[in-house]
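Observations on chain architecture
Listed below are the residues making up each chain.
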Amino acid sequence: MTSLIPLPPGGADRLMLMETFVRIVEAGSLSAAAAQLGGTQPTISRRLQALERALGVRLLQRSTHAMTLTDDGARCYERAKDLIAQWQAFESDVRSAGDEPSGTLRVVAPHAFGQQQFVEPLVRYLKQYPRMTVDWLLYDRTPDFIAGGIDCAIHVGTVTDPSVIALPLGEVPRIIVAAPSVIEGGAAPVQPAELARLPWVALRTFYRNEVVLKHLESGRTESFAIQPRLYTDSLYAVRTAAMLGLGVGMGSSWLMRDDLARGDLVHLAPQWEAAPLPVHLVYPPARFYPARLRRFIDIMREFVPTVLRGTSGL
């Protein structure tokens, strides 16, 4: 077979050099690529130089403050992505579908769920595939999959980015709660109009100045304006502020279950509830998905619905 690329000095692997080049372009800098690949910036720079020598062209135009692709670099980037995808597909076919995944999977999960609910299927994944390592990153915004080297993300709420694959996993029920002190020893509100007169804590990601509730039996919906004393993007902060008597809060029923059982919180208007939040596993489209991601998707699809219903157990 004729070699397409002369072997670089030192016998460096050409596919590795192409993968490094693609990661540099997508990460935006040598240092960012080094962080994602677990190497050093000088090593990444040497790989780039080796690939440029092997191809006999300049791939990147570098200055103190910027890094841009040359025309040759742009062509090489597109071809390198195709070659890497084809090689990964070839490996998968040769090793067969039953091959055990290995390596590192980078996953983004929302803070509240990533600290508790979704750790169980994560642990199942790691126990089932002992050669895998997971980089479990907790933040609530949609990640930049390419620049961050992210394989997939768990997203709670509506997915608005049309460029990603969004795989439905289940729904999160939400309820209205408050500390007993908020109702001052009186009867707990049962109608939306009564809730509107109370102080509120807002989970700004999903509600800020208006609440929409649906009656469980009739299906009738009602909306009302609120004036929150506190806005936050943390579900745990909503829960804690509600327990301390700052105001009424709305959140995932699984998080409030023990607090309700102890009497630290009271379930308000139990015949009304907010629309459940959809949960999706999102990831960028690709011609080929590595085994580490495919196996993770399988486990999340199997176990997350039971986790959200509170019926799972290791």
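This one's a predicted model, so the numbers in the text were calculated from it and none came from an experiment. (Residues numbered from 1 in each chain as written. Predicted model: local features only at pLDDT ≥ 70, side-chain atom pairs only at ≥ 80, totals over all residues. Heavy atoms only, no water.)

Attention shifts here to the packing of helix H9 (residues 235–243) against helix H10 (residues 253–262). Packing of H9 against H10 leaves a shortest axis separation of 11 Å and a crossing angle of 15°. Classified by the interaxial angle, the pair formed by H9 and H10 is roughly parallel. Handedness of the crossing formed by H9 with H10: right-handed. In this structure, H9 uses Leu235, Tyr236, Arg239 and Met243 to contact H10, whose residues at the interface are Trp254, Leu255, Met256, Asp259 and Arg262. (Axes fitted to C-alpha atoms, helices over the stretch in contact; angles between N-to-C directions. Helix = DSSP H or I, 4+ residues; strand = E, 2+ residues; numbered from the N terminus. Parallel < 35°, antiparallel > 145°, perpendicular 65-115°, else oblique. Left-handed = near helix turned anticlockwise from the far one by under 90°. Contact = heavy atoms within 4.5 Å.)

Turning our attention to the packing of helix H6 (residues 119–128) against helix H11 (residues 291–308). Orientation of H6 relative to H11, taken along the N-to-C sense of each, is 140°, at an axis distance of 9 Å. The orientation of H6 relative to H11 falls into the category oblique. For the crossing formed where H6 meets H11, the hand is right-handed. Residue-level contacts link Glu120, Pro121, Arg124, Tyr125 and Gln128 of H6 to Arg292, Arg295, Phe296, Ile299, Met300, Phe303, Val304 and Val307 of H11. Among the residues forming the contact of H6 with H11, the class breakdown is eight nonpolar, one polar and four charged. (Nonpolar A, V, L, I, M, F, W, Y, C, P; charged D, E, K, R; others polar.)

This part covers the domain arrangement of the chain. For an interface, size is often stated in terms of accessible area lost upon the parts coming together. Each assigned domain of the chain is listed with its residue range as follows: domain 1 (11–95), domain 2 (103–171 + 278–311) and domain 3 (173–276). When each unit is reduced to the centre of its C-alpha atoms, the spacing between domain 2 and domain 3 is 28 Å. Listed by partner, the interface residues are 11 residues for domain 2 and 10 residues for domain 3. Counting every contact that joins domain 2 to domain 3 gives zero salt bridges. The tally of links between domain 2 and domain 3 comes to one residue pair in polar contact (both at pLDDT 80 or more). A per-element tally of the side of domain 2 that touches domain 3 places helix H5 (residues 111–115) first, with three residues. Taken together, the residues that form the side of domain 2 that touches domain 3 break down as four nonpolar, five polar and two charged. (Domains from an automatic or database assignment. Salt bridge = Lys/Arg side-chain N within 4 Å of Asp/Glu carboxyl O. Polar contact = N/O pair within 3.5 Å; in protein donor to acceptor, adjacent residues only side chain to side chain.)

With that settled, consider the packing of aromatic side chains. Inspection of every chain in the model, using the stated rule, returns seven aromatic pairs. Here Trp200 and Phe224 contribute two aromatic rings whose centre-to-centre distance is 6.1 Å and whose plane-to-plane angle is 55°, an arrangement assigned as tilted. With a gap of 24 residues between them, Trp200 in strand S7 (residues 200–203) and Phe224 in strand S9 (residues 221–225) connect regions that are remote in the sequence. Taking the ring centre of Tyr139 as reference, the NZ or CZ of Arg141 above it sits at 4.2 Å. (Phe/Tyr/Trp six-rings, centres within 6.5 Å; stacked < 30°, edge-to-face > 60°. Lys NZ or Arg CZ within 6 Å of the ring centre and 35° of its normal.)

To continue, consider the nonpolar core. Core analysis: the largest hydrophobic core is formed by 57 residues, its most contacted members being Trp136, Trp200, Tyr207, Leu213, Leu281 and Phe296. Ala34, Ile44, Leu51 and Ala80 belong to the second-largest nonpolar core, a separate cluster that totals 20 residues. (Core = buried A, V, L, I, M, F, W, Y, C linked by side-chain atoms within 4.5 Å. Buried < 20%, exposed > 50% of the residue type's maximum accessible area, 1.4 Å probe, protein only.)

Counted under the stated rule, the structure contains nine salt bridges. Ionic pairing is found between Glu120 and Arg124, a salt bridge with its closest N-O pair at 3.6 Å. Remark: Arg124 and Glu120 occur in helix H6; sequence separation between them is four residues, near one turn of the helix. With relative accessibility at 19%, the residue Glu120 sits in the buried group. Classification of Arg124 by relative accessible area gives partly exposed; the value is 21%. Among the ionic pairs, Asp259 bridges to Arg239, the shortest N-O distance being 2.7 Å. Taken as a pair, Asp259 in helix H10 and Arg239 in helix H9 lie far apart in primary sequence, 20 residues in all. Here Asp259 falls in the buried class, since its relative accessible area comes to 0%. Residue Arg239 is classed as partly exposed on the basis of its relative accessible area of 22%. When salt bridges with common partners are traced through the structure, they connect Arg239, Asp259, Arg262 and Asp264 into a single cluster.

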